[in-house]
Amino acid sequence: MAAALTIEELIAEEETVQLGGFDYELAWRLGCAIRETASVKNLPIAIEVSHHGTAVFTALLPGASPDNLVWARRKRAVVERFNRSSLYMRLLCERNATDFHARYRLPPADFAASGGGVPVRVRNVGIAGTVAISGLPDVEDHAMAMRALEKLA
């Protein structure tokens, strides 16, 4: 099981893991790499990799459900809205003892402040996409996405 991170560790992690570029081809390769890792380990996850808000790669592995795809989309929406990981937003709300949906007036059907959505940052550019994983405990979804990005950085 992945270790829980602090908000400060998440910020450092996001700033450290930056790619030299990101396009549809790299988004597809990233999704395939995550899928391969999950398949070898028989992990029941949904994966979504997007490029500037457009889903480029989507996969649902055996044992996962269509609900996991919805969770991945909702995590991606959090990343796109706040430019931070969905785990960061969960921890921030917990630290401030506030309900995410009430605080930001966002519909639960569209946004999930639960780990697994991470921004794809490009050096000297900013956020160019997202990786969202759902199906494991949220800190493990987050860790899997970050490990995949680290391999490309």
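Notes on the structure in this doc start here.

Calculation rules
Residues numbered from 1 in each chain as written. Predicted model: local features only at pLDDT ≥ 70, side-chain atom pairs only at ≥ 80, totals over all residues. Heavy atoms only, no water. Phe/Tyr/Trp six-rings, centres within 6.5 Å; stacked < 30°, edge-to-face > 60°. Helix = DSSP H or I, 4+ residues; strand = E, 2+ residues; numbered from the N terminus. Lys NZ or Arg CZ within 6 Å of the ring centre and 35° of its normal.

## A word on the packing of aromatic side chains
Overall, the coordinates contain 4 aromatic pairs when judged by the stated rule. A centroid spacing of 4.9 Å and a plane angle of 65° characterise the contact between tryptophan 28 and phenylalanine 57, whose relative ring orientation is edge-to-face. On the criterion of sequence distance, the pair formed by tryptophan 28 in helix H2 (residues 24–40) and phenylalanine 57 in strand S3 (residues 54–60) is long-range, its members being 29 residues apart. Seen from their ring centres, phenylalanine 82 and tyrosine 104 are 4.7 Å apart, and the 65° between their planes marks the pair as edge-to-face. Taken together, the positions of phenylalanine 82 in helix H3 (residues 66–82) and tyrosine 104 in helix H5 (residues 100–104) put the pair 22 residues apart, joining distant regions of the chain. Here the aromatic cluster, defined as three or more aromatic residues joined through ring pairs, consists of Phe82, Phe100 and Tyr104. Sitting over the ring of tryptophan 71, arginine 74 keeps its end group 4.4 Å from the ring centre. When the ring centre of tyrosine 88 is taken as reference, the NZ or CZ atom of arginine 84 above it lies at 5.5 Å.

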